[in-house]
Amino acid sequence: MIFKAKEIAEIGDYILFKNGIKGIVEKVNENSAIVNITENKTELEFEGNRTVVAHKNYKVLIVHDVIANVIYTSFK
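Below, the structure is looked at part by part. (Residues numbered from 1 in each chain as written. Predicted model: local features only at pLDDT ≥ 70, side-chain atom pairs only at ≥ 80, totals over all residues. Heavy atoms only, no water.)

In this section: the overall build of the protein. Along the protein, the regular secondary structure elements total zero helices and six strands. Counting helices and strands in the order they occur from the N terminus, the protein gives β-β-β-β-β-β. Taken across its 76 residues, the protein has 26% of its residues classed as buried. Of the contacts made within the protein by residues no fewer than 6 positions apart, 33% connect residues no fewer than 24 positions apart. Accessible surface for the protein amounts to roughly 5900 Å². Of this, 53% is attributable to carbon and sulfur atoms. (Helix = DSSP H or I, 4+ residues; strand = E, 2+ residues; numbered from the N terminus. Buried < 20%, exposed > 50% of the residue type's maximum accessible area, 1.4 Å probe, protein only. Contact = heavy atoms within 4.5 Å. Areas by Shrake-Rupley, 256 points an atom, 1.4 Å probe, with all protein chains shown as cover.)

The subject of this paragraph is the pattern of salt bridges. For the structure on display, the rule yields two salt bridges. For E26, the salt bridge goes to R50, with nearest N and O atoms at 2.8 Å. Within this pair, whereas E26 is found in strand β2 (residues 21-28), its partner R50 is found in strand β4 (residues 50-54), the two being separated by 24 residues in sequence. When its relative accessible area of 32% is taken as the criterion, E26 is described as partly exposed. Salt-bridge contacts for K41 lead to E39; the nearest nitrogen and oxygen are separated by 3.5 Å. Relative accessible area serves as the criterion here: at 71%, K41 is assigned to the exposed category. By relative accessible area, which is 27% here, E39 ends up partly exposed. (Salt bridge = Lys/Arg side-chain N within 4 Å of Asp/Glu carboxyl O.)

Moving on, we come to the environment of F46. Structurally, F46 can be placed in the loop between β3 (32-39) and β4. A C-alpha to C-alpha distance of 9.8 Å links F46 and N36, two positions 10 residues apart in sequence. Among all residues touching F46, those that are not within four sequence positions of it are I21, I37, N40 and T51.

Further remarks concern the side chain of T51. Tracing the backbone shows T51 in strand β4. Overall, T51 belongs to the buried group, its relative accessible area being 17%.

Laid out in structure tokens, this is it:
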């Protein structure tokens, strides 16, 4: 079975952005996603550990299937 990497995240997906910041998608908008930051190894600070990231500025790391409550890891 071959998995195609997703380009637009869904709620519950883990994403990577800005050179090492990881987070979980809380809401998906037309051009961006609201992300709860889980890991930040940079000097950047985010109020409330949340930020908005454009779809073109992140990579989906782990996909969470809300309906089946299953987590898939994206291998590329």
